[in-house]
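Report on the structure
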Amino acid sequence: MSGASSKKKACVRTWRLPREKASVNAIPPRTGSALAVMLPPIPSWWKRNETWVLGTISVLAFLALWEASAAFKWVNPLFTSSPSRIVLTGTEMFADGSIYEHIAVSGYEFVFGYGLALVIGVPLGILMGWYGRVNAVLEPFVSALYATPRIALLPLILIWLVIGIASKVAIVFLGAVFPILVNTITGVRTVEAEFIKVARSYGANDWQLFLTVALPSSVPMLLAGLRLGLGHALVGIVVGEM
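Keep in mind the model is a prediction, meaning the values are calculated, not measured.

**Digging into the overall build of the protein**
When its secondary structure is counted, the protein shows eleven helices and zero strands. Of all 242 residues assigned to the protein, the portion counted as buried reaches 25%. Here the analysis covers contacts within the protein between residues at least 6 apart in sequence; of these, 67% occur between residues at least 24 apart. When the accessible surface of the protein is totalled, it reaches about 17400 Å², and 72% of it is carbon and sulfur.

**A word on the nonpolar core**
Counting 28 residues, the largest nonpolar core has A117, I157 and L174 as its most contacted members. Of all the secondary-structure elements, those providing two or more residues to this core are α5 (99-130), α7 (150-161), α8 (165-189), α10 (206-217) and α11 (219-241). At ten residues, α8 tops the list of elements feeding residues into this core. The residues contacting I157, other than those within four sequence positions of it, are V162, S167, A170, I171 and L174.

**Topic: the pattern of salt bridges**
Counted under the stated rule, the structure contains one salt bridge. Put simply, E109 and K168 hold a salt bridge, and the shortest N to O gap is 3.9 Å. Note that E109 is positioned in helix α5 and K168 in helix α8, a separation of 59 residues in sequence. Of the two residues examined, E109 and K168, each falls in the buried class.

**So, the packing of α8 against α11**
Working note: a packed helix pair is described by the angle between its axes plus the distance between those axes. Axis separation between α8 and α11 bottoms out at 7 Å; the angle between their running directions is 165 degrees. With respect to their mutual orientation, α8 and α11 come out roughly antiparallel. The interaxial crossing formed by α8 with α11 has right-handed handedness. Grouping the constituent residues of the contact of α8 with α11 by class yields 13 nonpolar, ten polar and two charged.

**Regarding helix α6 (residues 132-147)**
Given a rise of 1.5 Å per residue, 16 residues ought to cover 22 Å, and the 21 Å separating the end C-alpha atoms of α6 matches this to within 8%. Where α6 bends most, the angle comes to about 45 degrees, and this point is L138, followed within four residues by the proline P140.

**Section: the packing of aromatic side chains**
One pass over the structure, following the stated rule, counts six aromatic pairs. Relative to F112, the ring of Y108 lies with its centre 4.4 Å away and its plane at 40 degrees, an arrangement referred to as tilted. Note that Y108 and F112 are positioned in helix α5 at a spacing of four residues, about one turn of the helix. Judged by its relative accessible area of 40%, Y108 is partly exposed. On the accessibility criterion, F112 (45% relative accessible area) is partly exposed. Ring geometry for Y146 and F178: centres 6.2 Å apart, planes at 45 degrees, overall tilted. Linking Y146 in helix α6 with F178 in helix α8, this pair joins segments that are 32 residues apart in sequence. Residue classification places Y146 among the partly exposed positions, given a relative accessible area of 40%.

Basis of the calculations
- Residues numbered from 1 in each chain as written.
- Predicted model: local features only at pLDDT ≥ 70, side-chain atom pairs only at ≥ 80, totals over all residues.
- Heavy atoms only, no water.
- Helix = DSSP H or I, 4+ residues; strand = E, 2+ residues; numbered from the N terminus.
- Buried < 20%, exposed > 50% of the residue type's maximum accessible area, 1.4 Å probe, protein only.
- Contact = heavy atoms within 4.5 Å.
- Areas by Shrake-Rupley, 256 points an atom, 1.4 Å probe, with all protein chains shown as cover.
- Core = buried A, V, L, I, M, F, W, Y, C linked by side-chain atoms within 4.5 Å.
- Salt bridge = Lys/Arg side-chain N within 4 Å of Asp/Glu carboxyl O.
- Axes fitted to C-alpha atoms, helices over the stretch in contact; angles between N-to-C directions.
- Parallel < 35°, antiparallel > 145°, perpendicular 65-115°, else oblique.
- Left-handed = near helix turned anticlockwise from the far one by under 90°.
- Nonpolar A, V, L, I, M, F, W, Y, C, P; charged D, E, K, R; others polar.
- Expected span 1.5 Å × (residues − 1).
- Bend = angle between axes of the 7 residues up to and from the residue.
- Phe/Tyr/Trp six-rings, centres within 6.5 Å; stacked < 30°, edge-to-face > 60°.

Geometric descriptors of this kind do not, in isolation, establish any biological role.
Here it is, written out as structure tokens:
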């Protein structure tokens, strides 16, 4: 029996030994070529620049179609211009310096209108988002004015403030203040409830809770409102100049 058992052990040993060697030999050496295979492939030039290349091509195609429509008189030149005429006129106005006065006036309107929208829209949005009673009092007026087209208010603004800088600043302000106000309210009111519970559990008062939780959490929506307000302010400059 002892001889049979020793033969079985020898057979087991001779059977396991090649598998162990095979498993050890199956592990590839950590060479530079093996590490290179494990790294992700480098994207091609087209993959890295596809977005701006397609955007540039689309803009150039639009400008070419616009120029061709004016050159071949597909549209009446009295009602539309062309990119070449716009560039030529702009070059002449920069050369004789007549454009700088207009840029200064438009910049004045933008700075004061957009700055006033920031000064009023951000604090008022924070108050309406943080205090429910303030929001209950002011929300009907904000919703009504926000739903009203600003172009519809243009005749009233011209009657109240007459034609001048004040009316143009008011148009820029009305275009920019409501996106800033609404986004600020939304950002303050959508603070995570878990953050507020954690701050309360550590004994934070209302002021500390507002500074450390509510205000930082509303920054993304606030920045989105500032961006939207910037676009509306630029549109307001064009509308006011018309």
